Amino acid sequence: MSMHEETWMRSFHQLLEVKEPIHRCEVILQKCLSHFPFRRASIFTFSYFTGIGEGVLRVDRSGVFSMNEIREDIRRIPPIQRALLTNKPALLMMDQHHQLFPEEYIQAYNLTSVLIIPLCIERIAIGCVLIDEKEEGSTIHQGLIDEVMVYFRQALGFMLPITSKSPNPLSPRETEVLQHAADGYSTKEIAQRLQISDFTARDYITSAIRKLNANNRAEAVANALRERWIH
């Protein structure tokens, strides 16, 4: 888990006390703007059944605003449609791609670039985040795009309503090790605290990742936090 991911996880952990999903979305967008060099972020829902995207919230440095007035057939905006169908982020520079984005939105929001971040659950798109107004002097490079994508993949589980607690598939020791991981300790530090070898600590983490169907340690921690198997 990188230092940035540890910071995000601590932020997401606090969201468990926020009951309303809409308020969690608000906080996650605000923290996105504090972590990354952008000034505005908007979140939208999407339905595969209708092909319609609907605005939820827009956050910028001046406040939080409803976007309920926006309801759009995403087939009209091919870059967003492609990002949702492929679960891959996309960067649009309006001086090069203005013909791919509705002119009324370019004018209304004075868009010069838009970073499209799809929100997917098990490869099924449920919405997206559009991020723009990059900080002056900043560069939007592939590493930054990938990092923003990871941020929202980890954040997504905390945007949704908290479900009832299901049985914990982890052993007591795996739960203990994952709790320490959530608290920000490295594998070596976990081993020292539990007086076990580095290899054994790593083995517990690997086992927890497998049992939680996660791709990595950060995702396993996020899954366990969301289910309240750790805190």
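I will try to describe carefully the structure that is included in this document. This one's a predicted model, so the numbers in the text were calculated from it and none came from an experiment.

### As for the overall build of the protein chain
Part 1: Within the protein chain, the secondary structure is distributed over 10 helices and 7 strands.
Part 2: The dimensions of the protein chain, computed from C-alpha atoms along their principal axes, are 60 × 40 × 30 Å.
Part 3: Here the protein chain holds 231 residues, and 47% of them are scored as buried.
Part 4: Taking contacts inside the protein chain between residues at least 6 apart in sequence as the whole, the part at least 24 apart equals 60%.
Part 5: Counting every atom, the protein chain has about 12,200 Å² of accessible surface; 51% of that belongs to carbon and sulfur.
Part 6: Taken together, the 26 basic and 28 acidic charged side chains of the protein chain have centroids lying 5 Å from each other.

### Brief notes about the packing of aromatic side chains
Part 1: Inspection of every chain in the model, using the stated rule, returns 3 aromatic pairs.
Part 2: Residues phenylalanine 36 and tyrosine 151 carry aromatic rings whose centres are separated by 5.6 Å and whose planes lie at 85° to one another, so their mutual orientation is edge-to-face. Of this pair, phenylalanine 36 sits in the loop between α2 (21-35) and β1 (38-46) while tyrosine 151 sits in helix α6 (residues 142-159), placing them 115 residues apart in sequence. Like phenylalanine 36, the residue tyrosine 151 is buried in the burial classification.
Part 3: Plain terms: the ring middles of phenylalanine 46 and tyrosine 48 are 5.2 Å apart, the flat faces sit at 70° to each other, and that makes the pair edge-to-face.
Part 4: Residue phenylalanine 46 is classed as buried on the basis of its relative accessible area of 12%.
Part 5: On the basis of relative accessibility, which here comes to 37%, the residue tyrosine 48 falls in the partly exposed class.

### Observations concerning the pairing of strand β3 (residues 63-66)
Part 1: Sheet analysis places strand β2 (residues 52-60) next to β3, joined by 4 bridges and oriented antiparallel. Bridging from a neighbouring strand, arginine 58 pairs with phenylalanine 65 of β3.
Part 2: Where β2 folds back onto β3 in an antiparallel hairpin, the turn is made up of 2 residues.

### Remarks on unusual backbone geometry
Part 1: Even without being glycine, asparagine 87 reaches a positive phi, approximately 55°.
Part 2: Take asparagine 87: it is sitting in the loop between α3 (78-86) and β5 (90-93).
Part 3: Positive phi values are uncommon outside glycine, yet asparagine 213 reaches one of about 55°.
Part 4: Inspection of the secondary structure assignment puts asparagine 213 in the loop between α9 (198-211) and α10 (217-226).

### Regarding the side chain of glutamine 179
Part 1: Note on placement: glutamine 179 falls in helix α7 (residues 172-182).
Part 2: When residues no more than four places from it in sequence are discounted, the contact partners of glutamine 179 are Ile230 and His231.

### Quick notes on the pattern of salt bridges
Part 1: Following the criterion strictly, the structure yields 11 salt bridges and no others.
Part 2: A salt bridge links glutamate 54 to arginine 71, with the nearest nitrogen and oxygen atoms 3.8 Å apart. Taken as a pair, glutamate 54 in strand β2 and arginine 71 in strand β4 (residues 71-73) lie far apart in primary sequence, 17 residues in all.
Part 3: With a relative accessible area of 55%, arginine 71 lands in the exposed category.
Part 4: Between glutamate 135 and arginine 61 there is a salt bridge whose closest N-O contact spans 2.8 Å. Of this pair, glutamate 135 sits in the loop between β7 (124-134) and α6 while arginine 61 is found in the loop between β2 and β3, placing the two residues 74 residues apart along the sequence.
Part 5: The class for glutamate 135 is partly exposed, based on a relative accessible area of 22%.
Part 6: When salt bridges with common partners are traced through the structure, they connect Arg39, Arg61 and Glu135 into a single cluster.

What counts and how
Residues numbered from 1 in each chain as written. Predicted model: local features only at pLDDT ≥ 70, side-chain atom pairs only at ≥ 80, totals over all residues. Heavy atoms only, no water. Helix = DSSP H or I, 4+ residues; strand = E, 2+ residues; numbered from the N terminus. Buried < 20%, exposed > 50% of the residue type's maximum accessible area, 1.4 Å probe, protein only. Contact = heavy atoms within 4.5 Å. Areas by Shrake-Rupley, 256 points an atom, 1.4 Å probe, with all protein chains shown as cover. Lys, Arg positive; Asp, Glu negative; His and termini not counted. Charge placed at Lys NZ, Arg CZ, Asp CG, Glu CD. Phe/Tyr/Trp six-rings, centres within 6.5 Å; stacked < 30°, edge-to-face > 60°. Pairing = 2+ DSSP bridges. Salt bridge = Lys/Arg side-chain N within 4 Å of Asp/Glu carboxyl O.

As far as function goes, none of this settles anything; it's purely spatial.
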